[in-house]
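Working through the structure, step by step
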Amino acid sequence: SRVNIVQHQVVTELEMKQSELWKKKSQRFKNVDTTIENVLYQSKRPLIALILPTGSIALSDFDTAKRAASTHCDFREYRITFSKGMERANLLKQIDSIGFTAIALVRGGGSGLEALDDINVLEAVTNLNTPFISAIGHEDEKIFIKRIADKVVISPTDLGNYFRETIERVDKAMNDSMAVLREKVKKEYQAQIDKATKQNQELNKQITELKKSYDEGQKQQKKQIEDANKLNT
């Protein structure tokens, strides 16, 4: 009976702490999409920290998509034992001070995911100034750390696709904007040419009229001289 009471109290205290962290995080959520896109729109390279488990893990699809995104992004990998909560919390704090565009926690599905909800890690994630991405397990695997992530993708593979698709979207938008800008400049340039042509036509007309007026004056002056010579004779 006492064991059951203690277990109930532990769960309740953890849930209360998670609730406090959720309330705090709800006032600090960051827009990861906008953050990364703004860097790309400035023709700069987002710097992404990838926290991965130690040892060899099969994330071939993620690695393929990541290589495609590497044309526009810089990725820095940090390998760590995920079961060591305090070590992960300290690493998050260290990475947060470097100035990354975003931090992504990357892990495949399976057993051991509950270790990611270590309270020290949850507190570190809540207090991050850097946007935090969760790419953990699968969509149906419910862990609390996903609730306090600024962005959640359902798997490591989807994270790689997310970076690739974000780059493609920004590239298209920038190319479309450049096309619109080129067309605008072209129209403005043509308008300037048309205006200059019209001004030249008006100037030529004025010159023609002035020349005509001058020739008429010369003709009249010549006639007056001829008339005066006749009177003198």
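See the structure shown above.
These remarks concern the structure in this document. These numbers were taken from a predicted model, which means no experiment stands behind them.

**So, the overall build of the protein**
- From N to C terminus, the protein includes six helices and five strands.
- Starting at the N terminus and walking to the C terminus, you meet the elements of the protein as α-α-β-α-β-α-β-α-β-β-α.
- Taking all 233 residues of the protein together, 32% fall into the buried category.
- Long-range contacts, defined as pairs at least 24 residues apart, comprise 75% of the intrachain contacts of the protein with a sequence gap of at least 6.
- Accessible area of the protein: about 15,000 Å², with a carbon and sulfur share of 51%.

**A short note on the nonpolar core**
- Among the nonpolar cores identified, the biggest contains 27 residues, and Ile51, Leu92, Ile95, Ile103, Leu105, Phe132 and Ile145 are the most heavily contacted of them.
- When residues of this core are traced back to their parent elements, those giving at least two are strand 1 (47-53), strand 2 (74-80), helix 4 (85-96), strand 3 (102-107), helix 5 (119-126) and strand 4 (132-136).
- Excluding residues that lie within four positions of it along the chain, leucine 105 makes contacts with Ile51, Phe82, Leu116, Phe132, Ile133, Ser134, Ala135, Ile136 and Ile145.
- By size, the runner-up hydrophobic cluster in this structure holds 21 residues, among which are Leu50, Leu52, Val106 and Val170.

**Topic: unusual backbone geometry**
- The backbone of serine 43 shows a phi angle near 60°, a positive value even though the residue is not glycine.
- Positionally, serine 43 belongs in the loop between helix 2 (32-41) and strand 1.

**Remarks on the pattern of salt bridges**
- Under the criterion given, the structure shown has 11 salt bridges.
- Between lysine 17 and glutamate 123 there is a salt bridge, and its shortest N-O distance comes to 3.2 Å. Of this pair, lysine 17 sits in helix 1 (residues 2-25) while glutamate 123 is found in helix 5, placing the two residues 106 residues apart along the sequence.
- With a relative accessible area of 28%, lysine 17 lands in the partly exposed category.
- Residue glutamate 168 is joined to arginine 164 by a salt bridge in which the shortest nitrogen-to-oxygen separation is 3.5 Å. Note that glutamate 168 and arginine 164 are positioned in helix 6 (residues 156-232) at a spacing of four residues, about one turn of the helix.
- The class of glutamate 168 is partly exposed, set by a relative accessible area of 44%.
- A cluster of three or more residues bridged by salt bridges with shared partners is formed by Lys66, Glu77 and Arg79.

Calculation notes
- Sequence order as written defines the numbering, with residues in each chain counted from 1.
- Two thresholds apply to this predicted model, a pLDDT of at least 70 for residue-level local features and 80 or more for giving and counting side-chain atom pairs, whereas whole-chain, interface and lining totals are computed over all residues.
- Side-chain descriptors were evaluated using all non-hydrogen atoms of the structure, hydrogens and water having been removed beforehand.
- Strands are runs of DSSP state E lasting at least 2 residues, helices are runs of H or I lasting at least 4, and numbering of each runs from the N terminus.
- Exposure categories follow from relative accessible area, calculated using a 1.4 Å probe and restricted to protein chains: below 20% of the type maximum is buried, above 50% is exposed, and the middle band is partly exposed.
- By the convention used here, residues are in contact when the closest approach between their heavy atoms is within 4.5 Å.
- Surface exposure here means Shrake-Rupley accessible area, sampled with a 1.4 Å probe, where a residue is shielded only by the protein chains that are shown.
- Nonpolar core, defined: a set of buried Ala, Val, Leu, Ile, Met, Phe, Trp, Tyr and Cys residues in which side-chain atoms within 4.5 Å join the residues together.
- For this document, the term salt bridge refers to a Lys or Arg side-chain nitrogen within 4 Å of an Asp or Glu carboxyl oxygen.

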